[in-house]
Structure formats: C-alpha cells, structure tokens
Amino acid sequence: MHVLTVLDHPTPSCFSATAAARFIAGLRSAGHTAELADLNAEGFNPLWSLADIAEHPAEDVQQEQERMARADAICLIFPLYWWGLPAKMKGWVNRVWQPTVTANDNIAPDGAAVSAQQLRAGLMLVPAGPRTDRMDRKGHAPALDTSWMMGAPGAFGTLPERLELLIGSASSHARHEQLQQRCFDIGQTLPAPASQRTC
C-alpha cells in the first residue's frame, strides 16, 4: 500500500512528530510506501475562503488532493487540542476534503451511499495528555469516537476507520516509549482498504 500521513504540530521535536516517524517506520518495515505531509513545515494555509468553493480549487488544495489520490490509506496525526483538531488539521480537512470532490453523494442500487473516492484505510493517531481514568470518567473517548469516526472519515471514502488515542503522551519517558512502539506496531499491521482485501 501507499500511505499518506498528514501531521499537524508546530514543533519539529514534539511527540506527534515522533509518533509520525515511528508509524512511518512501521509502514516501511511491512513493505509499504509512505508520504508525509507536514502541514506546519510546508506552510499549509488552513483558512477556508471563497476561493475554496470556486469551480476549480486553489493550487495548494489540488496538490493535497493529488496526494490523496495516490494513497491507499490516510493517517492523520495531531495532538488533542482543546478536545478537537488543531487549526491546520481542521483547515486541511475543510479545504482538501471538498464535498464536490470526495463526498458520498452516489447511491448504490441497494440504497447505500457510495464514495466518490476510492476506498482507503483511514486512521487517526491522536496524542492526548490526560490520564485514561479522566478520559473514561468524563466520557471524552466515546464522544470523540462518535464525532470523528461516524463523521468526516466515514463520509469521505475511508474504510475501515480507526481512532487511536495515545493517552498519557504528556507523562513519563517510559509511557512515551510504550506509545511510540504502539505507533510502529500500528504502521506495521495497518490493514488494506476493504476494496483491496481478498477472501
């Protein structure tokens, strides 16, 4: 498979960047090819504007859509920021995943929605500082799963979708090492899109 990894964090040495590097290392160890879109390093403009709803998308959006078109799987990596997506990642989704290009606006004979895009494996690796007990007690994890997995990823041709909260990323060095190994393992075992699976 060819996997597009989209990273949003302004600090090159941050945990999110390390998670991306370990995930990509796992992909390559399994024989996959990888492409990294580092939104901050590349200066991606997250501002959704009138130009983005024009008939022809802006050049930077076209480049990102071409990256998507090459990919059999897409992984989004970003820190849990005020319980949501940080600005560049949110802007990337808003600007690049344009409904006229990617949405499930086709209907199959059985009435099911059919993606206008090829099916891709979809993954979110999300470093989260709070402890597991707090996430569970407050109900944050299921809320995020409902919002993100039943929202945009399912509407834009990613199947199967998977959310991995890397909980405790702001804690000890030992926990960091454990989570980084988890990212490697996820890359190494990433499933193919449903349309590519064999019986």
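Just so you know, these numbers come straight off a predicted model, no measurement behind them.

Caption draft 1: Structural detail: the packing of helix H2 (residues 59-70) against helix H3 (residues 87-96). Close contact between H2 and H3 brings their axes to 10 Å; oriented N to C, the two are set at 90°. Taken together, the axis directions place H2 and H3 in an arrangement best described as roughly perpendicular. In this structure, H2 contributes Asp60, Val61, Glu64, Gln65 and Met68 to the contact, and H3 contributes Trp92, Arg95 and Val96. Classifying every residue of the contact of H2 with H3 by side-chain character gives 4 nonpolar, 1 polar and 3 charged.

Caption draft 2: Layout of the nonpolar core. In this structure, Val6, Leu76, Trp92, Val126 and Trp148 are the most contacted members of the largest nonpolar core, which totals 24 residues. Elements represented by at least two residues in this core include exactly strand S1 (2-7), strand S3 (73-77), H3, strand S6 (120-128), helix H6 (140-149) and strand S7 (158-167). Looking at this core, the element that brings in the most residues is H3, giving 4 residues. Counting residues in each nonpolar core, the second largest holds 22 residues, with Leu27, Ala34, Cys183 and Ile186 among its members.

Caption draft 3: Here's a closer look at the confidence of the model for the protein. On average, residues of the protein score 82 in pLDDT, and 75% of them are at 70 or above. Taken together, the stretch residues 103-107 has pLDDT below 50 and engages in 22 contacts with residues farther than four places along the chain or on a different chain.

Each value, and the rule that gives it
- Residues numbered from 1 in each chain as written.
- Predicted model: local features only at pLDDT ≥ 70, side-chain atom pairs only at ≥ 80, totals over all residues.
- Heavy atoms only, no water.
- Axes fitted to C-alpha atoms, helices over the stretch in contact; angles between N-to-C directions.
- Helix = DSSP H or I, 4+ residues; strand = E, 2+ residues; numbered from the N terminus.
- Parallel < 35°, antiparallel > 145°, perpendicular 65-115°, else oblique.
- Contact = heavy atoms within 4.5 Å.
- Nonpolar A, V, L, I, M, F, W, Y, C, P; charged D, E, K, R; others polar.
- Core = buried A, V, L, I, M, F, W, Y, C linked by side-chain atoms within 4.5 Å.
- Buried < 20%, exposed > 50% of the residue type's maximum accessible area, 1.4 Å probe, protein only.
- pLDDT = per-residue confidence, 0-100.

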